[in-house]
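Chain residues, written in single-letter form:
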Amino acid sequence: MAWEQGRAVVEGLIRTGMLERVPPNLAAAQSLLDVAETHLASALTLADTDTVLAYDALHGANRKAITAILLAQGLRPTRAGGHIALYDAVLAQLDPPLGRDLAAYHRVRRARNAGDYREEHDAVADDVRADHPGCRKIVDIAKRVIGQMPPF
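Definitions and cut-offs
Residues numbered from 1 in each chain as written. Predicted model: local features only at pLDDT ≥ 70, side-chain atom pairs only at ≥ 80, totals over all residues. Heavy atoms only, no water. Axes fitted to C-alpha atoms, helices over the stretch in contact; angles between N-to-C directions. Helix = DSSP H or I, 4+ residues; strand = E, 2+ residues; numbered from the N terminus. Parallel < 35°, antiparallel > 145°, perpendicular 65-115°, else oblique. Left-handed = near helix turned anticlockwise from the far one by under 90°. Contact = heavy atoms within 4.5 Å. Nonpolar A, V, L, I, M, F, W, Y, C, P; charged D, E, K, R; others polar. Phe/Tyr/Trp six-rings, centres within 6.5 Å; stacked < 30°, edge-to-face > 60°. Buried < 20%, exposed > 50% of the residue type's maximum accessible area, 1.4 Å probe, protein only. Lys NZ or Arg CZ within 6 Å of the ring centre and 35° of its normal. Core = buried A, V, L, I, M, F, W, Y, C linked by side-chain atoms within 4.5 Å.

## Re the packing of helix 4 (residues 82-94) against helix 5 (residues 104-117)
- Where helix 4 contacts helix 5, the axes come no closer than 11 Å and their chain directions differ by 165°. Between helix 4 and helix 5, the crossing angle belongs to the class labelled roughly antiparallel. Judged by the sense of rotation from one axis to the other, the crossing of helix 4 with helix 5 is right-handed. For the pair formed by helix 4 and helix 5, the contact residues are His 83, Ile 84, Leu 86 and Tyr 87 on the first element and Tyr 105, His 106 and Arg 109 on the second.

Next up, the structure:
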């Protein structure tokens, strides 16, 4: 049975070259989730000493979790689609009811970009700790839906 929610959005992302079809790969998806878990732990470890790298870890956890969802379905972003196509495809398929739980994705991506591309990074350790639960939700969502959503 096909996953119908968000189908038009995903098909549009494929048609415009933002996503591409690949063989579904549950083992690779699970491997990405394992790395996402490590990134979540690393972010908390780094929060007090290197907030820029801590945000890299949070963003990496989010990105890998969302990529895992798509990879399990036989989809992956292209260079043209990047991180935004990942989010758009998963949001279209999971909202409602889980869209609100994906909200940390963009906030963390912006904080990560501020550390990577601007001279000043205003985030402090408490910001990392405050964003961590939202990232935890994204990884947990991926764990729940992988294997439940059929190949696209």
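## Focus on the packing of helix 3 (residues 51-73) against helix 6 (residues 125-145)
- Between helix 3 and helix 6, the shortest axis-to-axis distance is 9 Å and the interhelical angle comes to 15°. Taken as axis vectors, helix 3 and helix 6 run roughly parallel relative to one another. For the pair helix 3 and helix 6, the sense of crossing is left-handed. Listed contacts from helix 6 to Thr 51, Ala 54, Tyr 55, Leu 58, Ala 61, Asn 62, Ala 65, Ile 66 and Ile 69 of helix 3 are Ala 125, Asp 127, Val 128, Asp 131, His 132, Cys 135, Ile 138, Val 139, Ala 142 and Val 145.
- For the contact of helix 3 with helix 6, a count of residues per class yields 14 nonpolar, three polar and two charged.

## Observations concerning the packing of aromatic side chains
- Applying the stated criterion across every chain, the model contains one aromatic pair.
- Plain terms: the ring middles of Tyr 87 and Tyr 105 are 5.2 Å apart, the flat faces sit at 15° to each other, and that makes the pair stacked. In this pair, Tyr 87 sits in helix 4 while Tyr 105 sits in helix 5, placing the two residues 18 residues apart along the sequence.
- You can call Tyr 87 buried: its relative accessible area is 9%.
- Looking at Tyr 105, the relative accessible area reads 0%, which means it is buried.
- Of note, Arg 7 hangs over the ring of Phe 152, and the distance from its end group to the ring centre comes to 4.3 Å.

## Brief notes about helix 1 (residues 7-15)
- Arg 7, Val 10, Gly 12 and Leu 13 are the residues of helix 1 that are buried.
- Where helix 1 is buried, its residues touch strand 1 (19-21), strand 2 (75-77) and helix 4.

## Some details on the nonpolar core
- Leu 58, Ile 69, Leu 94 and Ile 146 are the most contacted members of the largest nonpolar core, which totals 45 residues.
- Taken together, the elements giving at least two residues each to this core come down to helix 1, helix 2 (26-46), helix 3, helix 4, helix 5 and helix 6.
- Look past the residues within four positions of Leu 58 in its chain and what remains in contact with it is Leu 40, Ala 43, Val 108, Val 128, Asp 131, His 132 and Cys 135.

Keep in mind these values describe shape, not function.
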